[in-house]
Amino acid sequence: MTYTTVGSDEAARLRNEVVDRLVADGAIFSPEVEAVMRKVPRHAFAPEATLGKAYAPYSAVITKTDEHGLQLSSVSAPQIQAMMLEQALVRPGMRVLEIGSGGLNAAYLAELVGEAGDVVTVDIDSTVTDRARRLLDEHGCGRVRVVCVDAAEPLDDLGTFDLVMVTAGAWDIPPAWTERLTPGGRLVVPLRMRGLTRSVAFVRVDDHLESESAFVCGFVPMQGSTAHREELLLVAGAPEIGLRFDDGLPADPSLLANAVTTPRVELWTGVEVGRGELVDTLQMHLAITLPGFCVMTVDPDLDTGIVTPSNRSFSLAAVDGTDFAYLTVRRTEDDKGVEYGVHALGPTASGFAKIVADHVRAWDRDRRGGPNPVFRVYPAGTPDAQILADRIIDKVHSRISLAWPPA
């Protein structure tokens, strides 16, 4: 395609600069993705942003918010778009369905599938699809089909696709997505499991989907019939402490009522990690093995110092009856990394802190430096006996299994 607005020399310089950065960082490794990200003028699909913000390698451009400032739509960061395009393995001639419109990613996909391919992009919000249609038409991508629809509903009139790429955070995998996939087709989706989001590349294998890769990411959440919100538990006596549960609150949240009246227990694990070391497998290990796993946040405006996490907006945590615990870190003596520790509160906090610390040590011993678990998606109602899993997460439309490959 020939873009009607190619942009200034400065835009071209910034575009090449960000691609150079992503190649150096390993986010881009195929010549096809590199070429398309050098060619398509990203800033033309993010007119709300300055050139500098449009080409910031690790930052999204927000294009729509609600009355409370909550993000409803965005142009994903270049690093995220590159990562997902690499996961998708797009080839000339493919039919591609994009769920979550913005215009830019559809333009990338149209370039990658070529004249012999086909790209359909859908979104539930008409203002988003109107914007995508306008930008695609203005910049030479008129052959991309734009449809306003809730993609969780049946999409029979759109045909089948070799690739379904979801560009909004999903909590569930509705049947409409897998039914639109050809045998052996791929689904790339930012999937939230136990409060953790991973961009997962699935392949359709017989009656289920099976993952080939998974990477940490963050996305604007899905709207419509598959929208799902985390449940927030505010700890009694400490309104600054919020415990966010993705799959339902504890059976009796009132048991935590006296937790913050007890002295805080601190236990250091001896597990040290270097600066820049990936700990995504630690997150998944705890999400799988800790029954009361959740994410703790602390309101900075109400903070009284009862808890002192290293990250107030996202701390791995867990609840066990009357106790709760969270992970924190401290600098190592040589200042080359950090050591993981556990803080716990509640009448039996010492015992619970040891349980959580033992899980961290088990990760260090058995999972550190290894692969993520294999994720498999089965239709809701599939019997346990037919699912290979270390843990099964039940959604509305699907059962998601997580199984660690042999060490």
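Reading the values: rules and limits
Residues numbered from 1 in each chain as written. Predicted model: local features only at pLDDT ≥ 70, side-chain atom pairs only at ≥ 80, totals over all residues. Heavy atoms only, no water. Domains from an automatic or database assignment. Buried area = accessible area lost by both parts, 1.4 Å probe. Salt bridge = Lys/Arg side-chain N within 4 Å of Asp/Glu carboxyl O. Polar contact = N/O pair within 3.5 Å; in protein donor to acceptor, adjacent residues only side chain to side chain. Helix = DSSP H or I, 4+ residues; strand = E, 2+ residues; numbered from the N terminus. Axes fitted to C-alpha atoms, helices over the stretch in contact; angles between N-to-C directions. Parallel < 35°, antiparallel > 145°, perpendicular 65-115°, else oblique. Left-handed = near helix turned anticlockwise from the far one by under 90°. Contact = heavy atoms within 4.5 Å. Nonpolar A, V, L, I, M, F, W, Y, C, P; charged D, E, K, R; others polar. Core = buried A, V, L, I, M, F, W, Y, C linked by side-chain atoms within 4.5 Å. Buried < 20%, exposed > 50% of the residue type's maximum accessible area, 1.4 Å probe, protein only.

Chemist: Account for the domain arrangement of the protein, naming residues and giving values.
Modeler: Along its sequence, the protein is organised into domain 1 (2-52 + 60-216) and domain 2 (231-367). Of note, the centres of domain 1 and domain 2, computed from C-alpha atoms alone, are 35 Å apart. Taken together, the two surfaces of domain 1 and domain 2 that pack against each other cover about 930 Å², and 48% of this comes from carbon and sulfur. Per-residue buried area on domain 1 facing domain 2 is highest for Arg194, Leu196 and Arg198; these three make up 68% of the total on that side. Where domain 1 touches domain 2, the interface holds one salt bridge. For Asp246, the salt bridge identified is with Arg192, shortest N-O distance 2.9 Å. Joining domain 1 to domain 2, the criterion identifies nine residue pairs in polar contact (both at pLDDT 80 or more). Counting only elements with at least two residues in the side of domain 1 that touches domain 2, the list comes to β7 (181-193) and β8 (196-205).

Chemist: Summarise the packing of helix α8 (residues 280-289) against helix α9 (residues 349-366); cite the residues concerned and give the values.
Modeler: α9 packs onto α8 with a crossing angle of 130° between their chain directions and a minimal axis gap of 10 Å. Taken together, the axes of α8 and α9 are oblique relative to one another. Between α8 and α9 lies a crossing of right-handed hand. Contact residues: Thr281, Leu282, His285, Leu286 and Thr289 in α8; His359, Val360, Ala362 and Trp363 in α9. For the contact of α8 with α9, a count of residues per class yields five nonpolar, four polar and no charged.

Chemist: Go over the nonpolar core with me, naming the residues and quoting the values.
Modeler: Core analysis: the largest hydrophobic core is formed by 58 residues, its most contacted members being Leu97, Trp177, Leu187, Val189, Phe202 and Leu327. Not counting chain neighbours up to four residues away, the residues in contact with Leu327 comprise Leu282, Leu286, Ser315, Leu316, Tyr340, Gly341, Val342, Val356 and Val360. Leu22, Val40, Val61 and Tyr108 belong to the second largest nonpolar core, which has 48 residues in total.

Chemist: How would you summarise the pattern of salt bridges if you had to cite specific residues and measurements?
Modeler: Within this structure, the stated rule accounts for 27 salt bridges. Here Glu17 makes a salt bridge to Arg13, at a shortest N to O gap of 3.0 Å. Note that Glu17 and Arg13 are positioned in helix α1 (residues 9-25) at a spacing of four residues, about one turn of the helix. On the accessibility criterion, Glu17 (44% relative accessible area) is partly exposed. Arg13 sits in the partly exposed class, given a relative accessible area of 40%. Among the charged side chains, a salt-bridge network with shared partners connects Glu10, Arg13 and Glu17.

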